[in-house]
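The lines below spell out each chain.
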Amino acid sequence: MQTLFQNLLNVFRLYKWATILNIVGLSLAFTTFYVISRQSWYEFSFNKSIKDYENIFRLEMDNSSKVQSYFPHPVLTKISQSTPHLRAAGKKYFLKKVVSVASAKNPNDKFNIDFSRIDKGYTDVFGFDWISGDVTAFEVSEDNIIIPQSLAEKLFATSDVAGETLWMFTANGQKKKNIVAVYRDFSDNTSIGNHIYNGIGSFESESWNDSNYEIYLKLNVRDNIENVERSIVLPDEYLSATGKSKGELTLNTHLFPIEDLYFYSNDSQGDIKITWLLLGVGCLILFIAVINFVNFSMALAPTRMRSVNTQKVLGATVASLRMQYLLECIVISVIAYGFSLIEILLLNNSGIVKLLLTNVSLGEGWNIAVFCGALSVVVGFLAGLWPSVYITSVPPALALKGSYRLSPRGLRLRNTLVGIQFFITFVLLVVSIFVYLQNCYMLYSPLGLDKDRVVVMNIEDVFSLYYNPEIVNEINKGLREYSGTQQLFHSDNVLFDREGRMQGWGEYDDNGNVVRMKVLLVDRDFVPALNIKISEGRMMNADENRKALVNESAGKQYGFKIGDVFRGYEIIGFVPDIKVFSFYESNSTPFGLFFNDNVSVFYIKLASGVEEKDALAYCRDLMAKVCPNVLYNVRMLTEEVEKLYEKDINQMYILSLFCGLSMFISIMGIFGLVIFELQSRRKEIGIRKINGATVLSVIGLFNKTYLRILLICFVMSVPVAWYLVQRWLETYVYRIPVYWWVFAVAFFILLIITSATVSLQCWHTANENPIKSIKVE
């Protein structure tokens, strides 16, 4: 053991900077791998912490070209009566909101939390773990609620709060709610939010025309899924509201497993291609660091070969020498992992964590941390395996006389490893540039409407405004009186459908086919204020009501003509396919602007010369004055577009960061190799200078090797990068082309960085006194 640490100290003393750079690169690689693994674990294990998740399903129905996951309430009753294979069945109302709450004892100490409506069956399906209280009275009154343990401890400093009272603040004033039970918090990576849950109450509807509920079923055994699907038959009542009667109709209903909701559902939150891409990037960065480590170990051969073979002459066995070398590499790798743990602790308190879906604390990710610790041992073993075999395989007599640096075999291996680093870095750099360009395209390409200089304001509890016209009038009055208001207009939801709140309307046509359309209810000023062009038809007159403009795709798909009626609204014109949905979704989706006096969202178009920050400040002050106890949101409409692609932008930042790390680790590896190369060739450099070589010629000599490798790797990486970019862009309906110049830019970036790194290292040695260099040898 003493010999082991003595050898490590000797290496550090002789090659201090090369050793430090190798450890830093390896520690950064471990940190990156840990962070990406935590993110991937979060996504791949989504919903799998729910008890009996394998037997829980969401009801869905294939309806025309869409998958429908919302149903009328009577469907649940029908299913419960038609199949014997259910352990539990429950439903959730489609709309959630954020509310401000406080305990009755401390009404000024408020907390914001999501609020949803469910039935008791929902708690049975997902196996709520009750800490205190009795849930049997949950649906008796709308004043009864259940809350998560985390909220109970914030409000009351204890989880045993069944029977306590809390205040909920809305636009209609304070509402007293009785806590009937407290449940243990679910994991963050589940579909079950840790919300305040209220009974559906007055939002319950027996109408077959109100598809406002998600239905979840827990089966006795997963194998019964086909029997349950066959037993789900939607009756005549489901069509009666449209005047159609088709008899018993299955409409291709099916059960969707909740374990697949995150990646594969019609409202999926994740993109499995991106997750695999990031995980692959993490593995590649670790691989690059391992290559650096191998090159570091190989570069030590000239200094180690003679000492190793001297020990062989003195009687040391080959096995013991190899084990000693392997242990040295393992110790270096474990030391690097120790530094990565410190980096993770620092990272957990940084802004980078906000780009991730989960925290990266070691307490939460102890399983990943243990795995990475074991991986550090494996990395050290693999990095030292080939060098230990190679160094000890050379005959002692030859090793004591020869020079490893001159071995063509050793040079080929080291150049190949450097080439692999360049190849991976090229691919990552090209992909990250295209990710950046695609995000710019989504954020700044024309949308078919004027989104600039528009302030949008809304409150979370949108329904409370329907019953409180005084607040609405006061907000409108304040906005009209503001000198910065050029035009005031309204809609029932925010224009860009970021959270899926935009209504979906449907009815059956004369042939019994489903006609479905995304609908935004707007006032008369909405269309002209945003400069939305009417391609055919006209605007609604002041004395008219219940009119609609639909996009051209709706007209083509369903054959709409001016004068047709949809859900009681007369179609009076067509607009182009304005981009109000994500670029993942085709904006040829049938969409309509339906004129109605809804006021849940307020917009003002700013007059010229008005500063946006001043307008935002005025609107926030107005909302705070008019409805002080209500959660509201005031922002520019352009921010809604950014939020629409918030996850894409975060992924761009993450990928760019990791690409930068990849280049940094690769350059550090080259930096270390150049140090070794210069140390072993100082005598050669001195002789060249004595014979008339210039500093620039010496620098060019060292650059030539790495630039040749760089060019070869560039040619090999182009088809791989092109394929990966092409496949990734296919996930978008609207996307940029694969620009050829991006590949050239990536090449020149690495060319400049590599040349600068090699040249700066060579400059000092090339300027040394040649006599001194010759004596050093």
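Look above for the structure.
All of these numbers come straight from a predicted model, not from anything done at the bench.

The helix and strand inventory of the chain stands at 25 helices and 23 strands. Sequence-distant contacts in the chain: of pairs separated by 6 or more residues, those separated by 24 or more amount to 79%. Accessible surface, the chain as shown: approximately 34400 Å² in total, 56% of it carbon and sulfur.

This next bit is on a negative patch on the surface. Where like charges cluster on the molecular surface, the negative patch consists of Asp452, Glu611, Glu612 and Asp614. The topology assignment puts Asp614 in helix H19 (residues 612-626). Judged by its relative accessible area of 43%, Asp614 is partly exposed.

Relative to the helices and strands, Thr31 resides in helix H2 (residues 16-44). Reaching out from Thr31, the side chain makes a polar contact with the backbone oxygen of Ser340 at a distance of 3.5 Å. In contact with Thr31, other than residues within four places in its own chain, are Ser340, Glu343, Ile344 and Leu347.

For the rest of this paragraph, the subject is the nonpolar core. Core analysis: the biggest nonpolar cluster contains 121 residues, and Leu449, Leu495, Phe526, Leu530, Ile532 and Tyr603 have the highest contact counts within it. Broken down by element, the residue count for this core peaks at 16 residues, all from helix H14 (residues 408-444). Setting aside its immediate chain neighbours within four residues, Leu449 contacts Leu495, Phe496, Leu530, Ile532, Ile578 and Val580. Judged by nonpolar contacts, the second largest core, of 25 residues, contains Val472, Ile475, Val599 and Ala615.

Turning our attention to the pattern of salt bridges. What the rule picks out here adds up to eleven salt bridges. Residue Arg184 is joined to Asp129 by a salt bridge in which the shortest nitrogen-to-oxygen separation is 2.8 Å. Residue Arg184 is found in the loop between strand S9 (173-183) and strand S10 (196-199), and its partner Asp129 is found in the loop between helix H4 (120-125) and strand S6 (130-133); the two are separated by 55 residues along the sequence. We classify Arg184 as partly exposed; its relative accessible area is 42%. Judged by its relative accessible area of 37%, Asp129 is partly exposed. For Glu640, the salt bridge goes to Arg635, with nearest N and O atoms at 2.8 Å. Judged by its relative accessible area of 1%, Glu640 is buried. It is possible to trace a salt-bridge network through shared partners that takes in Arg58, Glu60 and Glu214.

We now examine unusual backbone geometry. A positive phi angle, close to 65°, is found at Ala157, a residue other than glycine. Examined against the element boundaries, Ala157 turns out to sit in the loop between helix H5 (149-156) and strand S8 (165-170). For Ala157, a relative accessible area of 69% puts it in the exposed group. In this model, Arg453 sits at a positive phi of 55°, which is unusual for a non-glycine residue. In this structure, Arg453 sits in the loop between H14 and strand S13 (454-459). Owing to a relative accessible area of 27%, Arg453 belongs among the partly exposed residues under this scheme.

Here we take up the packing of aromatic side chains. Applying the stated criterion to the full structure yields 37 aromatic pairs. When the ring centre of Phe169 is taken as origin, the NZ or CZ atom of Lys110, which lies over that ring, is 4.3 Å away. For the cation-ring pair, Arg546 lies above Tyr569, with the distance from its terminal atom to the ring centre recorded as 4.3 Å.

Turning next to the packing of helix H11 (residues 318-347) against helix H12 (residues 366-393). The interhelical angle for the contact between H11 and H12, taken along N-to-C directions, is 145°, at an axis separation of 7 Å. When the axes of H11 and H12 are compared, the crossing they make is right-handed. Among the residues making up the contact of H11 with H12, the classes are represented as 17 nonpolar, seven polar and one charged.

What counts, and where the lines are drawn
Residues numbered from 1 in each chain as written. Predicted model: local features only at pLDDT ≥ 70, side-chain atom pairs only at ≥ 80, totals over all residues. Heavy atoms only, no water. Helix = DSSP H or I, 4+ residues; strand = E, 2+ residues; numbered from the N terminus. Contact = heavy atoms within 4.5 Å. Areas by Shrake-Rupley, 256 points an atom, 1.4 Å probe, with all protein chains shown as cover. Patch = residues over 30% accessible without salt bridge, like charges linked within 9 Å, V, L, I, M, F, W, Y side chains within 5 Å. Salt bridge = Lys/Arg side-chain N within 4 Å of Asp/Glu carboxyl O. Lys, Arg positive; Asp, Glu negative; His and termini not counted. Charge placed at Lys NZ, Arg CZ, Asp CG, Glu CD. Buried < 20%, exposed > 50% of the residue type's maximum accessible area, 1.4 Å probe, protein only. Polar contact = N/O pair within 3.5 Å; in protein donor to acceptor, adjacent residues only side chain to side chain. Core = buried A, V, L, I, M, F, W, Y, C linked by side-chain atoms within 4.5 Å. Phe/Tyr/Trp six-rings, centres within 6.5 Å; stacked < 30°, edge-to-face > 60°. Lys NZ or Arg CZ within 6 Å of the ring centre and 35° of its normal. Axes fitted to C-alpha atoms, helices over the stretch in contact; angles between N-to-C directions. Left-handed = near helix turned anticlockwise from the far one by under 90°. Nonpolar A, V, L, I, M, F, W, Y, C, P; charged D, E, K, R; others polar.

These figures capture arrangement, not role.
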